Amino acid sequence: MSTDEEAVPRTATWTEEQLLADVEAAPRGRRVGAFFDFDGTVIDGYSLAAFAGHHLRSLHVTPADLGQLLLTGLRGVTTEEDFERFTVAGMKAWAGRSEDELVELGERLFVQGIAGSLYPEAWRLVTAHLQAGHTVVLASSATRFQVEPAARAMGVEHILVSPVEIDEGICTGRPGGPLLWRAGKATAVRSFAQEHGIDLAQSFAYSNGDEDVPFLRTVGRARALNPGRGLASAARHYSWPIARFRPRGRGGPTELARTAAGIGGLLGGFAAGVAVGALSGSRREAVDLGITLAGELGSALAGVRLDVQGAEHLATRPAVYLFNHQSQLDVLILAKLLRGGFTAVAKKELANTPGFGLAFRLADVAFIDRGDPAKARQALEPAVQRLREGISLVIAPEGTRSATPSLGNFKKGAFHVAMQAGVPIVPIVIRNAGELMWRGATTIQSGTVQVRVLPPIPTEGWTVADLGEKVAEVRGQYLENLAHWSGRSQRPVEVTEASEDDGSAAPPPAAPLDWGISPEMNPLETAMWRAEVADPRLRSNVTLLEILDPAPDWERLRGAHEWASRMVPRMRQRVVEPALGVGAPRWVTVAELDLDRHLRRVQLDAPGSMRQLLDVVGEFAAAPLDRDRPLWEVLFVEGLEDGRAGYVVKTHHSTTDGLGAVQLMSKLHSRTAEHDPSRPEPPVPLPDDASRVGVLTEQLVGTAKAAPLAVLRRGVGALGSLRRPWEAATHALEAARSATTTLGSPQGGSALLTPRGGGWHFEVLEVPLADLKAGSKAAGGSLNDGFLAAVVGGFRRYHERLGAPAETLTLGIPISLRAQDDPQGGNRFTGARLPASLAEPDPATRITAIREFVLSARNESGSGVLDELVGPALHWLPASVIGAVSGRLTSANDIQVSNMPGVSHPVYIAGSRIVRMYPFGPLPGCAAMITLLSHEDRCCIGINVDAAAVTDPEGLVADLQAGLDEVVALAG
């Protein structure tokens, strides 16, 4: 069987041909689903706009409701709650209207407007899935009144939409159940697949929306169509193909100028030709010359080219030329294609069109009244005479332009005329004229129109009785040619039918982990990334030391990292700084990952003690990372006593915070020592590149475009605050107080810990997890409260032992800002400063005081004062300024303390059990960084101290152990 890789080359951006070939190469049958988002994916734009315009024109929506809808949109729709508010505001216009009325409205608005915004490429893609026997579904956050008409026109049987509440046939203006947005859409797709026996691993999903990543992740073959910036980034992360369709909106100045030139060339060429041809004294010759010049000059100025197959069949004259009517551009196409010697049939309304009406009358065009069949037949009688005189006839058998790319029903009039005149019929199949000038469009897009002229069809021997059969045969030729234009059906592609008991269909490549998908650094990450450039003491390397028992095989360990780099594309990404060193640094996937530059191995001298290991690890951890390569390095330390080994992972803090790192390691480590043959095997991420100038330019343009909307949103927020003045004032005061606490200089601090040298020294501690929890709980605190109290107690002893006065110790504490639906990886935290008195000897009292402070700090953190006050500007500050700001925020802390939950079960890497995990944070200008990570039943504590500030690190370890012991003793 052909696989995805065999069918379609692995490139980041696919063409329409690649999308269609991909469908042909997939398994066939109903068990393969094809789920299409609607707005922005199947149509260009939003179907809600057509409904909103109608309600506004019809005064079905009050100014207040319209204002609420606009305000909700301006505030931004980023969560399910936001979307629900936005949807409810839009549904209010339907309250009190009958279900039948809304169905009829949906059908009417589809024909009048929405149909004209259908992407022809999406239409052909849906058709390809239907021909493959796949179960095609339109899955949209819109309602059935918006989606159902399009589904019916496309031949799609199934839709998944946001429900509307209907009570006894009347719409209440409220949702009728869960909305299909973000997680809601993903849930609906899974439920549908279960009900209909769909194999999601073999299925397709298409979307353009940033919010549809969960929806796309439900299937094995996700495709990003016309993606926004966020989805394009996610597509690169997950190795999803990206395809972009030609926009169908209004053109810009270039298109307007081209259209004016094309129309001018068409009419001017016709007028010039008629004028010159009139010198011959023959009206027919004058008209033919006018048509020829109109086609040539108009197409050249409009930028329209023809790709004609079967042009030799145009020599059949006279004949009735049939064409499928897609666009106003068809007039220009036929003039260029036939070059005179013909007349045409047109609706009577065109007779009075400025410019064109006169030209049509000169060309003896037959004007028919489509609303009166008797008059229409009468108007065609002169056409029969023209055919007998040798003048061909051009006519659209559908009678009017199609509302969609589908072929309409053929009327019999043209066939009657050909039969009466005894001339052949020549079908002209136009594939894509509607893509250059859409139905109802006012501008022309440049491009090539594909035309196929089919062999003439003789009409001798035809009778009125069998005319219906003949019409169906000719229409069938159109359908066949439009469906298989490129000849793809002739390409030998081996396909299989996916059935319930057939496991032979190879699944598509696995997706990488949903971790670290942001394309750019956020303000906090930017600060950590740039601060070390200005001040090396602020370097932000984060290190994890794992003790492995027994030492693993080196080649297996190396292979585990190659696999991990496919599971976590961030491991194959480097940082591109925008030009001038301002703007958000961009993550870019490298073409090749040289593992030898990221993995090192060393051998300890006997006896291989823990002290020897920590010295090697400390030196490795303190060395700066190569800023031109992916930001991670591994050190494998062999020769540890008892046959164990040290495994050290170093990353940059701008890659992730501690919680994100733990999330990652828990997913990459195995629960068994044996190799898992069924583990996912994602493909190597596709490389991309970005220049420094290009990154800065893109961000400047994006900021300029977003600025007006940002101002409006802030204005909306301000207007909302005016309605709640007391609440707004309280929030402002709380923000100011929080800013003072976070950004201001701390009161007190330890004189003993003041010196800074910038060197790193590592120590470790551990304590039973259950014991530390029990002691903390006995004093009414959490494990984190007890840990902080133990650290303060340890430094209290350290100060007493060295004869320093009992002062106030300033602790920096990270506070996580991660929400449940936040993407994993990256950094989402803010900081708080705890002024802890070293004079308090009672650990229980310390725990109580710390708990009150931590709860208060978490409540005040909100979205983080750094994000609210400093964050928006950090991207645009040079490294020197960021270094100064960062140094002020962190260097004033005596110590920083962090606590992270780890794994509670045994885990393995390369077949070796991980018996200990010691985390080591950076020293951003403070005297010590102390980090706790729970591992199985132990609390593993990593201690990083500045040797200039902590002159007796071994003594500090003993003091901290005593601080832990006194907290543990609280449990009795």
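Residues numbered from 1 in each chain as written. Predicted model: local features only at pLDDT ≥ 70, side-chain atom pairs only at ≥ 80, totals over all residues. Heavy atoms only, no water.

(A) Expanded view of the packing of helix H17 (residues 413–421) against helix H19 (residues 467–483). Relative orientation of the contacting elements H17 and H19 amounts to 110 degrees, with a least axis distance of 10 Å. Compared by their axis directions, H17 and H19 come out roughly perpendicular. The element H17 and its partner H19 pack so that their crossing is right-handed. Along its contact with H17, which presents Phe-415, His-416 and Met-419, the element H19 presents Leu-467, Val-471 and Val-474. Residue classes in the contact of H17 with H19 are distributed as 5 nonpolar, 1 polar and no charged. (Axes fitted to C-alpha atoms, helices over the stretch in contact; angles between N-to-C directions. Helix = DSSP H or I, 4+ residues; strand = E, 2+ residues; numbered from the N terminus. Parallel < 35°, antiparallel > 145°, perpendicular 65-115°, else oblique. Left-handed = near helix turned anticlockwise from the far one by under 90°. Contact = heavy atoms within 4.5 Å. Nonpolar A, V, L, I, M, F, W, Y, C, P; charged D, E, K, R; others polar.)

(B) Layout of the packing of aromatic side chains. Taken as a whole and judged by the stated rule, the model has 12 aromatic pairs. Taking 5.5 Å as the distance between ring centres and 85 degrees as the angle between the ring planes, the aromatic pair formed by Trp-94 and Phe-145 counts as edge-to-face. With Trp-94 in the loop between helix H5 (80–91) and helix H6 (99–112) and Phe-145 in helix H8 (residues 144–154), this pair connects stretches of sequence that are 51 residues apart. Take Trp-94: its relative accessible area is 3%, and that puts it in the buried class. Aromatic side chains Phe-415 and Trp-462 sit 6.5 Å apart centroid to centroid with 20 degrees between the ring planes, which places their arrangement in the stacked category. Of this pair, Phe-415 sits in helix H17 while Trp-462 sits in the loop between strand S15 (447–453) and H19, placing them 47 residues apart in sequence. Overall, the relative accessible area of 0% leaves Phe-415 in the buried class. Through pairs of rings, three or more aromatic residues link up here, namely Phe-36, Phe-204 and Tyr-206. Here the guanidinium or amino end of Arg-627 rests over the ring plane of Trp-529, the centre of that ring lying 3.5 Å away. (Phe/Tyr/Trp six-rings, centres within 6.5 Å; stacked < 30°, edge-to-face > 60°. Buried < 20%, exposed > 50% of the residue type's maximum accessible area, 1.4 Å probe, protein only. Lys NZ or Arg CZ within 6 Å of the ring centre and 35° of its normal.)

(C) Structural view of the packing of helix H27 (residues 783–801) against helix H31 (residues 953–968). For the pair H27 and H31, interaxial distance at closest approach is 7 Å and the crossing angle is 135 degrees. Relative to H31, H27 is oriented oblique. Along this stretch, H27 crosses H31, giving a crossing that reads as right-handed. Taking contact as the criterion, the partners of Gly-786, Phe-787, Ala-789, Ala-790, Val-791, Gly-793, Gly-794, Phe-795, Arg-797, Tyr-798 and Arg-801 in H27 are, on H31, Gly-955, Leu-956, Asp-959, Leu-960, Ala-962, Gly-963, Leu-964, Glu-966 and Val-967. For the contact of H27 with H31, the residue count by class is 11 nonpolar, 5 polar and 4 charged.

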